[in-house]
Amino acid sequence: MSSITVATWEQLASAFYQHGWVWLPHFLSPALTAALCDDLQQQQLRSAGVGRQKDHLQNQQIRRDQTAWLDGSSSAQQDYLQLMQQLQQAFNQRFFLGLFDYECHYARYQQGDFYQKHLDAFRGRSNRVLTTVTYLNTPESGGELVLYDEQDQLLQRLSPAAGGLILFESERFPHEVLPATSERLSIAGWFRRNNSLQGMVDPGT
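Residues numbered from 1 in each chain as written. Predicted model: local features only at pLDDT ≥ 70, side-chain atom pairs only at ≥ 80, totals over all residues. Heavy atoms only, no water.

Asker: Sorry if this is basic, but what is going on with the overall build of the chain here?
Answerer: Along the backbone of the chain there are three helices and 11 strands. Written out in order from the N terminus, the α and β elements of the chain read α-β-α-β-β-α-β-β-β-β-β-β-β-β. Across the 205 residues of the chain, 54% fall into the buried class. Sequence-distant contacts in the chain: of pairs separated by 6 or more residues, those separated by 24 or more amount to 79%. Accessible area of the chain: about 9800 Å², with a carbon and sulfur share of 46%. (Helix = DSSP H or I, 4+ residues; strand = E, 2+ residues; numbered from the N terminus. Buried < 20%, exposed > 50% of the residue type's maximum accessible area, 1.4 Å probe, protein only. Contact = heavy atoms within 4.5 Å. Areas by Shrake-Rupley, 256 points an atom, 1.4 Å probe, with all protein chains shown as cover.)

Encoded structure:
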């Protein structure tokens, strides 16, 4: 079972407080990263869509990845979800965010797959507060996540690295996934304030 070390938590908290986002290249242990990667390969992934509930639709002009939601059905998933629960509790204690739960899915980008620039939440229209992307492999090239600031200026361009985590405020930072040139495996997730909103647009990463 993995846990968040004091050093990791302090690095997370300090960077998030200053910038609203943080990149940790060694968040997951190699063992948990490998276990999750193996677990992903056993899932039945399906073409991803955009929007939620009645607004959900597939649009390959916007995104072309494949996804499968984590439900705790394997020990690797359970370990990951428990780790994110620790993160949720730590953020609530430090920043009083009122995070209520966490949802996440595996994402596989194959050659040529991408996700156009988008926000994961819109002010007043979503209950997603924090977005997480955890990488399960290190592609040779391509599939970078590009983060923009509130003025739509380039903020950071991150190459996927196995075990790495990026966390950012969902309604503050537009972002995109550049076309993959080889398989890119990750877990995209969202900490929410509650799970009671109906019919709101919450695109995923």
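Asker: Mind showing me how you'd approach the sheet that holds strand 9 (residues 165–169) here?
Answerer: Neighbouring strands of a sheet are bound in pairs by backbone hydrogen bonds; such pairs are parallel or else antiparallel. On the basis of which strands lie adjacent, the open sheet formed by seven strands has the order 1-9-6-11-4-3-2 and antiparallel pairing. Looking at the sheet topology across the chains shown, the edges are occupied by strand 1 (21–24) and strand 2 (46–47). When strand 4 (residues 101–109) meets strand 11 (residues 184–192), the two strands line up antiparallel, connected through nine bridges. Across the sheet, Y109 pairs through a bridge with R184, a residue of strand 11. (Pairing = 2+ DSSP bridges.)

Asker: For this particular structure, what's the right way to read the packing of aromatic side chains?
Answerer: When we look at a pair of aromatic rings, we describe it by the centre distance and by the angle of the planes. Under the counting rule described, the total for this entry stands at eight aromatic pairs. Each ring, one from W9 and one from F91, has its centre 5.4 Å from the other, and the planes form 70 degrees; the classification is edge-to-face. Here W9 is found in helix 1 (residues 6–19), whereas its partner F91 is found in helix 3 (residues 75–95), with 82 residues between them in sequence. Judged by its relative accessible area of 1%, F91 falls in the buried class. (Phe/Tyr/Trp six-rings, centres within 6.5 Å; stacked < 30°, edge-to-face > 60°.)

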